[in-house]
Amino acid sequence: MKLFDVYPINDINITDAKGSYVWDDKGQWYLDLYGGHAVISIGHTHPDWVKRIDEQLRKIAFYSNSVKIPIQQELADKLGALSGKNDYQLFLCNSGAEANENALKLASFHTGRKKVIAFSKAFHGRTSLAVAATDNPAIVAPVNETDNIVFLPFNNEEALTAYFQDHGKEVAAVIIESIQGVGGITVATESFLQAIRHWCTESGAVFIADEVQCGYGRTGKFFALDHAGVNADIYTMAKGMGNGFPIGGILIAPHLSPRHGMLGTTFGGNHLACAAALGVLEVMEAEHLLAKAKESGEYIMSTLQTIQGLENVRGKGLMIGFEVSEGLKGLRKVLLDDYHVFTGEAKPNVVRLLPALTIERKHIDEFFVALRAAVAQLSGETPVAENKKVQA
Ligand SMILES: Cc1ncc(COP(=O)(O)O)c(C=O)c1O
């Protein structure tokens, strides 16, 4: 049977991983500045996380949500403590799209309204409403097209105000990434996020912070929205939550009341996924990963700014993007092929860095040796052979 060919892939078979490194089937190591798309939060195969999962697996991996699953409460308590959102409620699911789907559905149930405001270049996932709220017509199937989603320009307070003044009472939810990931590491201004909070409160709409990529400590605060000093009504989470174990969830403000039948899931909140997520939070706490992400991010961004040919360096914590000049268009490929460094991209020419929050200074410095060499190589200053100096 053939695999359904939906991704352009690199011809690399990764078979082992540890911390910020991965190894292929030929024994070649790679430095991972991409974290498998922002998923690896506490480093690959962190021993405490492996132990947590292993211990749980030997007891019970899954039972349905028809019985008590105390480890869900344990996870909720830990999540409340680390995120500071103790009074919120937790609903568990399996992925980012599913988290957004549930958040949007809940907002509509709560308000009895249909309109959702999303923003230019947003990415919220590939399921029906999540993809409809994604600003990329190429990935929206005809059946997912809906007039219920309204796209407004990102970071444009006037447009937001005008829409709410005219249609505020029709709006069920506003959904936004405080830092757009797929959209190219575009940081929402604090005043824009505060304006969303204002208008949602004013009109009774639900403020949904899509923290699937930018959340879970990546920016140095638990949620990227925390930098703006306002709360969302729903936070959606996935990627870093399980460090590669599939789990997603939504944090729901106390004024949103549940009722049976509103949301549901077979796999969401299973024992094994909760153990993985608890393992992540325990490591985040023990290794002070929020503070570390902030510090490492500042070091990376200030160093990037000193490298010629890299433009418009931006981001927060370990969610970093920069553009490359015309001559450096092949930078990501050269970094991967010649220097064995994984990075992410956003079309057309943004390089995205989304390393594990545990990344150490020596890894970052190795990255800069590789990056400087790759830039010099592409600028025609040095041949590749001289530059292959980075060692794992
Ligand atoms: C901001 C954001 N929301 C939602 C998603 C969808 O998450 P998933 O692929 O787990 O469904 C992504 C994935 O890249 C994302 O970056």
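Our structure's up above, just so we're on the same page.
Notes on the structure in this doc start here. What you see is a predicted model; the values in this text were computed from it and never measured.

**A short note on the overall build of the protein**
Logical step 1: Within the protein, the secondary structure is distributed over 12 helices and 17 strands.
Logical step 2: The C-alpha atoms of the protein give 21 Å as radius of gyration, which agrees with the globular expectation for 392 residues (21 Å, within 12%).
Logical step 3: Taking the principal axes of its C-alpha atoms as reference, the protein extends roughly 65 × 55 × 45 Å.
Logical step 4: The long-range fraction of contacts in the protein, counting pairs at least 24 apart against all pairs at least 6 apart in sequence, stands at 72%.
Logical step 5: When the accessible surface of the protein is totalled, it reaches about 17700 Å², and 53% of it is carbon and sulfur.

**Let's talk about the layout of surface pockets**
Logical step 1: Taken as a whole, the second largest pocket encloses approximately 700 Å³ of empty space.
Logical step 2: What lines the second largest pocket is a set of 24 residues, and nearest its centre among them are Leu 90, Phe 91, Leu 92, Pro 258 and Leu 263.
Logical step 3: Within the residue set of the lining of the second largest pocket, elements represented by two or more residues are α3 (70-83) and β4 (89-93).
Logical step 4: When residues in the lining of the second largest pocket are grouped by element, the largest group, four residues, is from β4.
Logical step 5: Of the residues contributing to the lining of the second largest pocket, the split by class is 12 nonpolar, 11 polar and one charged.

**As for the pairing of strand β7 (residues 171-176)**
Logical step 1: Among the six residues of β7, six are classified as buried, and the element is accordingly described as predominantly covered.
Logical step 2: Looking at chain direction, strand β5 (residues 115-119) and β7 are connected through three bridges and run parallel. What sits directly across from Val 116, in β7, is Ala 173.
Logical step 3: Bridge count between β7 and strand β10 (residues 206-210): four bridges; the pairing is parallel. Paired with Val 174 across the strands is Phe 207, a residue of β10.

**Regarding the side chain of Asp 210**
Logical step 1: Of note, Asp 210 is situated in strand β10.
Logical step 2: Here Asp 210 sits buried without a salt bridge, and the closest side chain of opposite charge, Lys 239, lies 8.7 Å off (N-O distance).
Logical step 3: Reaching out from Asp 210, the side chain makes a polar contact with the side chain of Asn 100 at a distance of 2.9 Å.
Logical step 4: A distance of 2.7 Å separates the side chain of Asp 210 from the side chain of His 124, its partner in a polar contact.
Logical step 5: Setting aside its immediate chain neighbours within four residues, Asp 210 contacts Asn 100, Phe 123, His 124, Ile 175, Ile 176, Glu 177 and Thr 236.

Here is what the cut-offs are and how they apply
Residues numbered from 1 in each chain as written. Predicted model: local features only at pLDDT ≥ 70, side-chain atom pairs only at ≥ 80, totals over all residues. Heavy atoms only, no water. Helix = DSSP H or I, 4+ residues; strand = E, 2+ residues; numbered from the N terminus. Rg over C-alpha atoms; globule rule 2.2 N^0.38 Å. Contact = heavy atoms within 4.5 Å. Areas by Shrake-Rupley, 256 points an atom, 1.4 Å probe, with all protein chains shown as cover. 1 Å grid on protein atoms, 1.4 Å probe; cavity = no way out; pocket = protein on both sides within 12 Å on 5 of 7 lines; lining within 4 Å. Points joined across faces, edges and corners; volume = space filled by probe spheres on them. Nonpolar A, V, L, I, M, F, W, Y, C, P; charged D, E, K, R; others polar. Buried < 20%, exposed > 50% of the residue type's maximum accessible area, 1.4 Å probe, protein only. Pairing = 2+ DSSP bridges. Lys, Arg positive; Asp, Glu negative; His and termini not counted. Salt bridge = Lys/Arg side-chain N within 4 Å of Asp/Glu carboxyl O. Polar contact = N/O pair within 3.5 Å; in protein donor to acceptor, adjacent residues only side chain to side chain.

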